[in-house]
Amino acid sequence: MTGARTISVASVLGGVTLAAWIVLVGHMRGMDMGPGTDLGGLGWFLLLWVTMTTAMMLPSVAPMALLFARVSQGRVPIWVFLSDYLAAWSGFGLLAYAVFRLVRFLDPAFLGWQRAGPWIAGGAVTAAGLYQLTPLKRACLRHCRSPLHFVLGGWRTGRRGALELGAQHGAYCVGCCWGLMVVLFALGVMSLFWMAVVAAVIYAEKVTPFGARISRPLSVILVALGIWVAVAPSSVPGLTQPATDPGARTRTPA
């Protein structure tokens, strides 16, 4: 792939990412109700979730996408690869939505923010921090940071091959980042602030030269944040307190 084509593909990825963030800011401003934010109807959530994962994950998958474009030499459009990559994240989103709806259906009183809610949210963040230390996290992060061996060892031709590569890379990415997305759900899935924070952490881990070395420090930070949320949630910067911030309820999902 020529330098001009590389710049062209990178520009398209950057433009799509920017457009997704603009859409999110326009649609989600004022919707952050903190932990336990209502996810709305399935169709609305799925549309928002795909936009969200596009905005958050596309920068970190760009190296793999550019490598795919270089190896395929334009024979298969890059969107074929990316469609199944995003499909893997859509599957994760649907699972999260199903869990949310099940909890809402059971409606356990102890989940209320004035009862055990902060401890549950803090526990989820702490669990995500501990996941950073697991062999599965390390293996998935290693793949996401070094996709060349994956391409060289498992390259498949044609559109079907591109779809399979996209799905497999998406599965590795979910394995790498699902804990960080749990943090987003725990602190407020409609929060633009926490969305930007999680997206920045994912990019730092998967793309920057020092990314492989921040897993342990990040684990400590997440465990400390989880304890902070559990013990003193009102003092956590950027954390909206459920049912205590009227401004956060000015808009509701469809």
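Just above, that's the structure.
Residues numbered from 1 in each chain as written. Predicted model: local features only at pLDDT ≥ 70, side-chain atom pairs only at ≥ 80, totals over all residues. Heavy atoms only, no water.

**Considerations on the overall build of the protein chain**
Looking only at helices and strands, the protein chain has nine helices and zero strands in total. Ordering the α and β elements of the protein chain from the N terminus gives α-α-α-α-α-α-α-α-α. Over its C-alpha trace the protein chain gives a radius of gyration of 19 Å, about what one expects of a compact globule, namely 18 Å for 254 residues. C-alpha extents for the protein chain along the principal axes are approximately 55 × 40 × 30 Å. Out of the 254 residues belonging to the protein chain, those deemed buried represent 46%. Surface accessibility of the protein chain: about 12,000 Å² in total, with carbon and sulfur atoms responsible for 70%. (Helix = DSSP H or I, 4+ residues; strand = E, 2+ residues; numbered from the N terminus. Rg over C-alpha atoms; globule rule 2.2 N^0.38 Å. Buried < 20%, exposed > 50% of the residue type's maximum accessible area, 1.4 Å probe, protein only. Areas by Shrake-Rupley, 256 points an atom, 1.4 Å probe, with all protein chains shown as cover.)

**A word on the nonpolar core**
Ranked by internal contacts, the top residues of the largest apolar core, which has 64 residues, are Met52, Met56, Trp89, Met181 and Leu184. Secondary-structure elements contributing two or more residues to this core are helix H1 (3-28), helix H2 (42-72), helix H3 (78-106), helix H4 (117-131), helix H5 (135-145), helix H7 (158-188), helix H8 (192-206) and helix H9 (215-231). In terms of residue count, H2 provides more of this core than any other element does, 15 residues in total. Each residue touching Trp89, except ones within four places of it in the same chain, is listed here: Trp49, Thr53, Met57, Cys173, Val174, Cys177, Trp178 and Met181. (Core = buried A, V, L, I, M, F, W, Y, C linked by side-chain atoms within 4.5 Å. Contact = heavy atoms within 4.5 Å.)

**So, the layout of surface pockets**
Roughly 1,000 Å³ of volume is contained in the largest pocket. Lining the largest pocket are 32 residues, and of these Pro35, Gly36, Phe100, Val103 and Leu111 lie nearest its centre. If you list the elements that add at least two residues to the lining of the largest pocket, you get H3, H4 and H7. Top contributing element to the lining of the largest pocket by residue count: H3, with seven residues. By residue class, the composition of the lining of the largest pocket is 22 nonpolar, six polar and four charged. (1 Å grid on protein atoms, 1.4 Å probe; cavity = no way out; pocket = protein on both sides within 12 Å on 5 of 7 lines; lining within 4 Å. Points joined across faces, edges and corners; volume = space filled by probe spheres on them. Nonpolar A, V, L, I, M, F, W, Y, C, P; charged D, E, K, R; others polar.)

**Quick notes on the pattern of salt bridges**
Two side chains carrying opposite charge are able to pair once their charged atoms lie near each other. Summed over the entire model, instances satisfying the criterion amount to three salt bridges. Notably, a salt bridge pairs Lys137 with Glu205, separated by 2.8 Å at the nearest N-O pair. Here Lys137, found in helix H5, pairs with Glu205, found in helix H8; they are 68 residues apart in sequence, far enough to count as distant. Residue classification places Glu205 among the buried positions, given a relative accessible area of 0%. Arg160 is the partner of Glu164 in a salt bridge, and the nearest nitrogen-oxygen pair spans 3.5 Å. A residue pair is termed a helical-turn pair when its members lie 3 or 4 positions apart in one helix, as Glu164 and Arg160 do in helix H7 at four residues. (Salt bridge = Lys/Arg side-chain N within 4 Å of Asp/Glu carboxyl O.)

**Quick word on the side chain of Gln132**
Looking at where Gln132 falls in the secondary structure, it is placed in the loop between H4 and H5. In this structure, Gln132 is in contact with Lys137, Leu180, Glu205, Ser215, Leu218, Ser219 and Leu222, ignoring residues within four places of it in sequence.

**So, H5**
Along H5, the positions that sit buried rather than exposed are Lys137, Cys140, Leu141, His143 and Cys144. Axial view of H5: buried residues confined to an arc of 160°, hence all on one face. With respect to the buried face of H5, the exposed residues turned more than 90 degrees away are Pro135 and Arg142. (Arc of directions from axis to C-beta.)

**Section: unusual backbone geometry**
Phi at Asp107 is positive, roughly 50°, even though this residue is not glycine. As for its position among the elements, Asp107 is in the loop between H3 and H4.

**As for a nonpolar patch on the surface**
The grouping of Leu95, Val99, Val103, Phe110, Leu111 and Ile120 at the surface amounts to a nonpolar patch, some 490 Å² of accessible area in total. In this fold, Leu95 is placed in helix H3. (Patch = residues over 30% accessible without salt bridge, like charges linked within 9 Å, V, L, I, M, F, W, Y side chains within 5 Å.)

**Structural notes on H3**
Between the first and last C-alpha of H3 there are 43 Å, a value that for 29 residues agrees with the 42 Å anticipated at 1.5 Å per step. Of the residues making up H3, those classed as buried are Val80, Phe81, Leu82, Tyr85, Leu86, Trp89, Ser90, Phe92, Gly93, Ala96, Tyr97 and Phe100. Just downstream of H3 lies Asp107, where phi reads positive at about 50°. (Expected span 1.5 Å × (residues − 1).)

**Quick notes on the packing of H7 against H9**
Angle between the axes and distance between the axes: these two values describe a pair of packed helices. Running from amino to carboxyl end, H7 crosses H9 at an angle of 20°, the nearest separation of the two axes being 13 Å. Viewed along their axes, H7 and H9 adopt a mutual orientation that is roughly parallel. Taken as a pair, H7 and H9 cross one another with a handedness that is left-handed. Here Leu180, Val183 and Leu187 of H7 lie close against H9, whose contacting residues are Leu218, Leu222, Leu225 and Val229. Considering only residue class, the contact of H7 with H9 consists of seven nonpolar, no polar and no charged. (Axes fitted to C-alpha atoms, helices over the stretch in contact; angles between N-to-C directions. Parallel < 35°, antiparallel > 145°, perpendicular 65-115°, else oblique. Left-handed = near helix turned anticlockwise from the far one by under 90°.)

What is shown is where atoms sit, not what they do.
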